[in-house]
Every structure is written in C-alpha cells, then in structure tokens.
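Survey of secondary and tertiary structure
The lines below spell out each chain.
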Amino acid sequence: MAVLALKDATITINSVALSDHANSVSVNYEIDSIEVTAFGSGGHTFAGGLQNNSVEIQLMQDFATSNVEATVYPLVGTTTTLVIKPTSSAVGATNPSYTISNAFLASHTPVAGAVGELAMTTLTFTGGTIVKAVA
C-alpha cells in the first residue's frame, strides 16, 4: 500500500505558482445529489447533478510583486483557474493534476495575525469544474 505525505505539492493560482508560499491545500470534489424518487419506488432514488467543488489554500502572506497579494487581491469577486498536484513530479497515475476552471473567490483577508505570528491568508474557492489528468 502506497501512502503519501504532502511535502512538495504544487499550487498554481491564475497561472502564478504559489507553492512556495502555501502550507495547506484541500481539493473537495463533489457532485450534487438530485432526488428522482417516483411513486412506488420503495425508497429514495438519486441522480448526479452539477459539480459542487471547493478548494481551500492556506498561504503565507507576501506583498512583493508577483506573489500572494498581487495575485490574489484582484481575483476577489471573480473566477479563475487553479492547478493542484500532490507533488512537483511529472503528471502521471501516481501524481494526478487537478485543474479547477471557473473557481470563484468570494473573499480574501489580506492582513491577519497576532503579534509575532506569521501573516497568513486562507482562501476558499468555490464552484467551477474539476478535470483530473493522469498523463
């Protein structure tokens, strides 16, 4: 049984590589369940509906050009494309790439933290469609 400890996941937001600023990522792939139960069925019956995806990324804040703030701030209220891989190795069966197109970013907290703490921002992208690539 192969197991994986996330040590070098790749995270690209709006074509900008931000893996070196991230310390957590979660890709949630979900299909809405639509009840299609008819009279006489004897139980609930469901069919798959639309994708209902979300991606959460924790980033260490950086206000330098082409880094976290410059990438994220203009995306609030818009959709973008995310690409997530478990490792930095080439895409393959043991290192799939997840491309989330039209992911919506509703909010961003540019400044957060207490005295002496690392400045972090947690982003939650919702919606869009996920495509998994293994080659």
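The sections below set out a description of the structure shown in this document.

Reading the values: the criteria
Sequence order as written defines residue numbering, which begins from 1 separately in each chain. Per-residue local features are limited, in this predicted model, to residues with pLDDT of at least 70; the limit for side-chain atom pairs, both in listing and counting, is 80 or more; totals at the level of whole chains, interfaces and linings are taken over all residues. Each side-chain value is derived from all of the structure's non-hydrogen atoms; neither hydrogens nor water enter the calculation. The helix count covers DSSP runs of H or I at least four residues long, the strand count covers runs of E at least two residues long, and both are numbered beginning at the N terminus. For the radius of gyration, the atom set is restricted to C-alpha positions; the globular benchmark scales as 2.2 Å times the number of residues to the power 0.38. The rule is simple: take the accessible area with a 1.4 Å probe, protein chains only, and divide by the maximum for that residue type; under 20% is buried, over 50% is exposed, in between is partly exposed. Between two residues, a contact is recorded if the distance between any of their heavy atoms is within 4.5 Å. Polar contact is the term for a pair of N or O atoms within 3.5 Å; when the atoms are in protein, one must be able to donate a hydrogen and the other to accept it, and sequence-neighboring residues count only if both atoms are side-chain atoms. Two strands pair if DSSP finds at least two bridges between them.

What follows covers the overall build of the chain. Across its full length, the chain carries 1 helix and 10 strands. N-terminal to C-terminal, the α/β element order of the chain is β-β-β-β-β-β-α-β-β-β-β. For the chain, whose C-alpha radius of gyration is 18 Å, the value lies well above the compact-globule estimate of 14 Å for 135 residues. If one aligns the C-alpha atoms of the chain with their principal axes, the spans along those axes are about 65 × 35 × 25 Å. Looking at the 135 residues of the chain, the share that counts as buried comes to 27%. Within the chain, contacts between residues separated by at least 24 positions form 63% of all contacts whose residues are at least 6 apart in sequence.

A word on the side chain of His-108. Residue position: His-108 is located in the loop between β8 (97–105) and β9 (120–126). Owing to a relative accessible area of 13%, His-108 belongs among the buried residues under this scheme. A polar atom in the side chain of His-108 sits 2.8 Å from the side chain of Glu-69. Only 3.1 Å separates the side chain of His-108 from the side chain of Thr-121, close enough to count as a polar contact. Every residue in contact with His-108, bar those within four places of it in the chain, is listed here: Gln-61, Glu-69, Val-72, Tyr-73, Val-76, Thr-121 and Leu-123.

Now for the pairing of β9. The side-chain alternation of β9 yields one buried face, formed by Thr-121, Leu-123 and Phe-125, and one unburied face, formed by Met-120, Thr-122, Thr-124 and Thr-126. Where strand β6 (residues 54–60) lies against β9, 7 bridges are found, and the strand directions are antiparallel. The residue bridging Leu-59 from the neighbouring strand is Thr-121, located in β9. Looking at chain direction, β8 and β9 are connected through 2 bridges and run antiparallel. Counterpart to Leu-105 in the pairing with β9 is Phe-125.

Summarising the element assignment, Pro-86 is placed in the loop between β7 (78–85) and β8. Note on Pro-86: relative accessible area 17%, which makes it buried. Taking the C-alpha atoms as reference points, Pro-86 and Asp-8, 78 residues apart in sequence, are found 7.1 Å from one another. Once you skip the residues sitting within four places of it in the chain, Pro-86 turns out to touch Leu-4, Leu-6, Asp-8, Ala-9, Asn-95 and Pro-96.

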